[in-house]
Amino acid sequence: MTVTATSVGASDPMPPQTTPSAWRKWRARLFPAGAAALAGLLLYVSFPPRTLWWLALPAFAVLGWLLRGRSWKAGLGLGYLFGLGFLLPLLVWTGVEVGPGPWLALVVIEAVYVALVGAGITVVSRLPGWPVWAAALWIAGEAARARVPFSGFPWGKVAFGQADGVFLPLAALGGTPVLGFAVVLCGFGLYEVVRLAVKARRTGSLHKAAAVVGVLSVAVPLAGAFAARALVTDKAEDGTVTVAVIQGNVPRLGLDFNSQRRAVLDYHARETERLAAEVAAGRAERPDIVLWPENSSDIDPFANDDAREVVDRAAKAVGAPISVGAVVSRDGKLLNEQILWDPVKGPVDTYDKRQIQPFGEYLPLRSLVGAINEEWTSMVRQDFSRGSEPGVFDRDGAAVGLVTCYEAAFDWAVRDTVTDGAKMISVPSNNATFGRSEMTYQQLAMSRVRAVEHSRAVTVPVTSGVSAVIMPDGTITQRTGMFVADHLVQEVPLRTSQTPATRLGTLPESLLVLLAAGGLGWGVAAAARARRTGEQRGTTLRRARMRPRAAVRVGAWRLLTSSTPCAPRPVINCCGCPASRPSSSTTTAACCSTAARTPASGR
């Protein structure tokens, strides 16, 4: 009978491993991808016109759950999907009249910034206090998005979705960067608290330092927001001014309203004259200044006598200066201009829009765009030129800062009107191009945030709505509907003091960007150090495994190269006794019996 024995120390053959099914592999990949897109969608739902501001917290909590501990490549992909889920629905209004091409191109480019932030968050997610570094990285991404390309596109800043939220007072403390940082930090901190609580319940142990960081990441932003409420007030500091906001409406929505330029001018003059009639009848208070929207006179009143007469007649009827939004050609330049039109003196001051909209008011890469689609170049036949100075219309001490439409999204464009002496702010806009989309509500929310950020009353005259009057505490006191002719008259406070956000300017944002860079550098260095340590350990283990084999090879080499002949190896009997010749059965038996009686040696 033949018996096969396994040598001592040899492992048993491993049973065959079952590989996961293709469906499990796909599910493992698709679930995080779908969750990232849905988290981005959740962030979109937190934005106006909805008042679900608090949904931003679970959106970032889910993002933190998806990114923590993953590779930077996974973070890049998941971040991009989060960006698509957020920006695709948020910016759909950009394609209302020009089709999906520009909308999709804009979203594809803007989502790259979110992807890069996602990759960065995976790097810092292994650091102590990672929610702080991750939130700073998000703000750094917003800062980059607000500057490049083509002077930036800050639409969709987290702060702009918080006009109804408890964090809003933080805008007065450090502007939109601090407000956004607090929201994102609170979301990441919320995930960290839940993660540690689940881990403690499962393992029975709690990492106290990490738990403290998680709790503080939620508690500090909330406590800071409540403390910052002391900075928010609507009390007048330099008297009050009665303003009238005119919404004349347009003949029809969409791009075609431009072909009805004279009708748009007449509509706004007519609504102003209707206000004048109410003032004369005692049903409305006489305004100190009347505010028309952007593009309320696309006919240049300096070059066209008919347009000049229409504006002049409206100003005389209401008995107050009018801020007219006009398209003006001067010295070969096309300007989006606000004109202060006095009822007696005529035009006395102007402000030229400085932050003009790419692909709307000027066309970057015109030759390339024309090669793709000639119709797109025809939409912007001549590029607008930029203004160079902030605009403040001073009427008997009532200094009104001008921030024209798109400029409201840019921190610097609002701030320098206040530092230049504005006691209230007006945001003349034209949203008729975007129909009944959410764009006008998103922009209105920006104006509410700006009111709190700089502690100024803000008026929003819009050609087709929604027009509004906003107090310095961010509350809307009056508003119009969309695509109706209407006017609003209200006394608003004039304020002269500056909030910390106004005084600090870009400093909070710069500090957060530096914080993000420091965290990213630390994370990269820590990862490189861990990689080197791992490589060293692997080398040590490989050397340890190689030593027995090397010893055998050295011994064999010495044996083969030795000049001394080897002694013959003694023959060992079955009992372990040496034998120089074959033993007989008798000798063997005697030997074995002796071995049985003798205790074993040290062999």
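See the structure printed just above.
Residues numbered from 1 in each chain as written. Predicted model: local features only at pLDDT ≥ 70, side-chain atom pairs only at ≥ 80, totals over all residues. Heavy atoms only, no water.

A.B. asks: Describe the sheet that holds strand E1 (residues 240–247), and please don't skip the residues or the numbers.
C.D. replies: Taken together, six strands build an open sheet; the order of strands is E5-E4-E3-E2-E1-E12 and the sheet is mixed. Taken across any chain shown, the strands that pair with only one partner, and hence form the sheet edges, are strand E5 (346–352) and strand E12 (486–493). Direction aside, the axes of adjacent strands within the sheet are offset by 35° on average. Summarising the sheet, E1 and strand E2 (residues 289–291) pair through three bridges and their orientation is parallel. Paired with Val245 across the two strands is Leu291, which belongs to E2. (Pairing = 2+ DSSP bridges. Helix = DSSP H or I, 4+ residues; strand = E, 2+ residues; numbered from the N terminus. Axes fitted to C-alpha atoms, helices over the stretch in contact; angles between N-to-C directions.)

A.B. asks: Describe the packing of aromatic side chains, and please don't skip the residues or the numbers.
C.D. replies: Evaluated as defined, the whole model comprises 17 aromatic pairs. Each ring, one from Phe47 and one from Phe86, has its centre 5.4 Å from the other, and the planes form 55°; the classification is tilted. Taken together, the positions of Phe47 in the loop between helix H1 (22–45) and helix H2 (56–67) and Phe86 in helix H3 (residues 72–90) put the pair 39 residues apart, joining distant regions of the chain. Pair check on accessibility: Phe47 and Phe86 agree, each one buried. An angle of 90° between the planes, with centres 5.8 Å apart, marks the rings of Trp133 and Trp522 as edge-to-face. Of this pair, Trp133 sits in helix H5 (residues 130–145) while Trp522 is found in helix H15 (residues 507–561), placing the two residues 389 residues apart along the sequence. Residue classification places Trp522 among the partly exposed residues on the basis of a relative accessible area of 37%. Every member of this aromatic cluster is reached through a ring pair, and the members are Phe60, Phe82, Trp130, Trp138, Phe188 and Tyr191. One residue, Arg50, lies across the ring of Tyr44, its end atom 4.6 Å from the ring centre. One Lys or Arg, Arg330, reaches over the ring of Phe302 and ends 5.6 Å from the middle of that ring. (Phe/Tyr/Trp six-rings, centres within 6.5 Å; stacked < 30°, edge-to-face > 60°. Buried < 20%, exposed > 50% of the residue type's maximum accessible area, 1.4 Å probe, protein only. Lys NZ or Arg CZ within 6 Å of the ring centre and 35° of its normal.)

A.B. asks: Lay out the environment of Ser205 with the relevant residues and their values.
C.D. replies: Structurally, Ser205 is set in the loop between helix H6 (170–203) and helix H7 (208–227). According to the relative accessible area criterion, Ser205 is partly exposed, its value standing at 43%. Among all residues touching Ser205, those that are not within four sequence positions of it are Lys199 and Ala200. In this structure the side chain of Ser205 is engaged in a polar contact, spanning 3.2 Å, whose partner is the side chain of Thr203. (Contact = heavy atoms within 4.5 Å. Polar contact = N/O pair within 3.5 Å; in protein donor to acceptor, adjacent residues only side chain to side chain.)

A.B. asks: Please set out H7 residue by residue, giving values where relevant.
C.D. replies: Residues three or four positions apart in an α-helix share a direction because the helix packs 3.6 residues into each turn. Across its 20 residues, H7 extends 27 Å between first and last C-alpha, which sits within 8% of the 28 Å expected from 1.5 Å per residue. Of all the bends in H7, the largest measures some 30° and sits at Leu216. Taken residue by residue, H7 has Ala210, Ala211, Gly214, Ser217, Val218, Pro221 and Ala225 as its buried positions. On its buried face, H7 sits against H5 and H6. (Expected span 1.5 Å × (residues − 1). Bend = angle between axes of the 7 residues up to and from the residue.)

A.B. asks: With reference to specific residues and values, describe the side chain of Gln443.
C.D. replies: Here Gln443 shows up in helix H13 (residues 439–454). Ignoring sequence-local partners within four residues, the contact set of Gln443 consists of Trp155, Cys405, Tyr406, Ser429 and Asn431.

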